Amino acid sequence: MLWILNYKAKITAETFAGFGRIKFVKKGVDGLNLYHRKKGTSAWLFLARVTKSPFDDHVALLNNDQPEHWEYRATGVVNDVEVGVASDIIEVIIAS
């Protein structure tokens, strides 16, 4: 089970009016813990444990007339424990 130590989630994103859509393939793990943060902030916020792709993040924008820049990353999960290393950070701009 050495692959678990080296597991790195791969995620991609698309944007739609008012939300970001995160896509992934589990590749042997039970699911992914998905995190997001507003670009420029340091703390990652747990968003969801996802087991089916895609996942839609309906961000509550501070100002509907102002697009916001968000970052996402994910970590694999096996038996309710995070495994491997975090995915690459992906970025999306969400607007209403």
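Now for a look at the structure at hand.

Calculation rules
- In every chain, residue numbers begin from 1 and rise along the written sequence.
- Only residues with pLDDT of 70 or above have their local features reported here, since the model is predicted, and side-chain atom pairs are shown and tallied only from 80 upward, although totals for entire chains, interfaces and linings are computed over all residues.
- Neither water nor hydrogens contribute to the side-chain values; these are computed over all heavy atoms in the structure.
- Think of a nonpolar core as a cluster: buried Ala, Val, Leu, Ile, Met, Phe, Trp, Tyr and Cys residues, connected wherever their side-chain atoms sit within 4.5 Å.
- Each residue is assigned to one of three classes by its accessible area relative to the maximum for its type, calculated with a 1.4 Å probe on protein chains only: buried under 20%, partly exposed between the two thresholds, exposed over 50%.
- Strands here are runs of E lasting at least two residues and helices are runs of H or I lasting at least four, both read from the DSSP assignment and numbered beginning at the N terminus.
- Whether two residues touch is decided by their heavy atoms; if any such pair falls within 4.5 Å, the residues are in contact.
- Each Phe, Tyr or Trp ring, with Trp reduced to its six-membered ring, pairs with another whose centre is within 6.5 Å; inter-plane angles below 30 degrees give stacked pairs, above 60 give edge-to-face pairs, and intermediate values give tilted ones.
- Here, any two strands with at least 2 DSSP bridges between them count as paired.
- Lines are fitted to the C-alpha atoms to define the axes, a helix being fitted only along its stretch in contact, and any angle between axes, read from their N-to-C directions, falls within 0 to 180 degrees.

Topic: the nonpolar core
Of all hydrophobic cores here, the largest spans 21 residues; its most connected members are Ile-11, Leu-32, Tyr-72 and Ile-94. Per-element accounting of this core gives the leading share, 4 residues, to strand E6 (residues 68-78). Discounting chain neighbours no more than four positions away, the residues touching Leu-32 are Tyr-7, Ala-9, Ile-11, Phe-24, Ala-48, Arg-49, Val-50, Ala-74, Thr-75, Gly-76 and Val-77.

A short note on the packing of aromatic side chains
All told, the structure shown has 2 aromatic pairs when counted by the stated rule. Between Phe-16 and Phe-19, the ring centres sit 5.2 Å apart and the planes meet at 15°, which makes this aromatic pair stacked. Here Tyr-35 and Phe-46 contribute two aromatic rings whose centre-to-centre distance is 5.6 Å and whose plane-to-plane angle is 70°, an arrangement assigned as edge-to-face. Taken together, the positions of Tyr-35 in strand E3 (residues 31-38) and Phe-46 in strand E4 (residues 45-50) put the pair 11 residues apart, joining distant regions of the chain.

Remarks on the side chain of Ser-87
By the secondary structure assignment, Ser-87 is in the loop between strand E7 (81-83) and strand E8 (90-94). On the accessibility criterion, Ser-87 (7% relative accessible area) is buried.

Concerning the environment of Arg-37
When you line up the elements, Arg-37 lands in strand E3. What makes Arg-37 buried here is its relative accessible area of 14%. With 23 residues separating them along the chain, Arg-37 and Ala-60 place their C-alpha atoms 13 Å apart. If we skip the residues at most four places from it in the chain, Arg-37 touches Ser-42, Ala-43, Trp-44, Trp-70, Glu-71 and Ile-89.

Quick notes on the sheet that holds strand E1 (residues 11-16)
Pairing is antiparallel across the open sheet formed by 3 strands, whose spatial order is E1-E2-E5. Strand pairing shows two members of the sheet lacking a second neighbour, E1 and strand E5 (55-57), which therefore form its edges. When the angles between neighbouring strand axes are averaged without regard to direction, this sheet yields 25°. One ladder, built from 6 bridges, connects E1 with strand E2 (residues 19-24); its direction is antiparallel. Within the sheet, the bridge partner assigned to Phe-16 lies in E2 and is Phe-19.

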